[in-house]
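Letter by letter, the chains look like this.
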Amino acid sequence: MKQLRVVQGFLLAAFFLILPWGAAAQDRAWNDCARRAAVSSGVSESAIQIRAEDDDRRSDTYILSWEVRSDDPRRQRGYCELSRNGKRIVRFETTPYRNGGREGGVRDNTPPFTGSYAQVRVDTDGKGYFSSRRLRSDRLERGYVDTRDQTSVTLRGRNGFHITFYGEVIDSDGRSELTLRITSSDRGDARGRASIRLNPDRNEVEWISLNGRMADGGEMKAEFNRNQH
């Protein structure tokens, strides 16, 4: 009986040690989602509202939808997809989430976009970050978008940091917003998506949000915003 009580005591102690860690990990993931949404939208984190979508516990991930607090019907919205176990963001999007599918047609097998979209070569000063397993810059200074010649997104930062991703347009609103499927980079194989917004005159980059995986198997993500300048 005494031995049983000792075992029960250890189990109870382990439960209370693990519980705060799990809650803290979840809080960090929610905060990270708000931070990335704020950087992408050019607002403070306090201006971001987050809500959890209906949770399907059979899935390995769950969805947090975010939007900028505003009465403007065109306010920026998107979602974060979080791993259930690690409580980390595995996907960040700047298009609204729709139950049963993602708005904007961002899927791996999505065919190239055949509608009208901005044919531009633009670059803009701003601020942002890029991170992957082997590359990192917390001081991006310029973002480039080319949909006229070879479709690509380039990020430049301090100390000579430079990376270019190539791909194809898979979605657009026909005006200033584009979604690219990333198929390669100047640093090797890469797969992912880049969401882009241009200014109304389509001669500057408003923001770039990028996520995916590099050739080394590591996750990559980036946020660039001219409004942070």
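Residues numbered from 1 in each chain as written. Predicted model: local features only at pLDDT ≥ 70, side-chain atom pairs only at ≥ 80, totals over all residues. Heavy atoms only, no water.

### A look at the side chain of E223
Mapping E223 onto the fold places it in strand 14 (residues 219-225). The buried category is assigned to E223, whose relative accessible area is 0%. Not counting residues within four places of it along the chain, the set of residues in contact with E223 comprises R36, V39, S40, F92, K127, G128, Y129, L140, I208 and S209. (Helix = DSSP H or I, 4+ residues; strand = E, 2+ residues; numbered from the N terminus. Buried < 20%, exposed > 50% of the residue type's maximum accessible area, 1.4 Å probe, protein only. Contact = heavy atoms within 4.5 Å.)

### Some details on the sheet that holds strand 1 (residues 48-52)
An order of 1-2-3-4 is seen for the four strands of this open sheet, with the pairing classed as antiparallel. Every other strand in the sheet has two partners, leaving strand 1 and strand 4 (89-93) as the edge strands with one partner each. Neighbour to neighbour, the strand axes of the sheet diverge by 20 degrees on average, direction disregarded. In this sheet, strand 3 (residues 77-83) lies alongside strand 2 (residues 61-68) in antiparallel orientation, the contact comprising seven bridges. Bridge pairing links W66 to G78 in strand 3. (Pairing = 2+ DSSP bridges. Axes fitted to C-alpha atoms, helices over the stretch in contact; angles between N-to-C directions.)

### Comments concerning the nonpolar core
Membership of the largest hydrophobic core comes to 28 residues, with the highest contact counts inside it found for F130 and F165. Within the residue set of this core, elements represented by two or more residues are strand 7 (121-131), strand 8 (136-146), strand 9 (152-157), strand 10 (162-172), strand 11 (177-185), strand 12 (190-198), strand 13 (205-214) and strand 14. Excluding residues within four positions of it along the chain, F165 makes contact with F130, T151, S152, V153, I182, S184, S185, A190, L210, M214 and M220. Counting residues in each nonpolar core, the second largest holds 14 residues, with A29, I48, I89 and F92 among its members. (Core = buried A, V, L, I, M, F, W, Y, C linked by side-chain atoms within 4.5 Å.)

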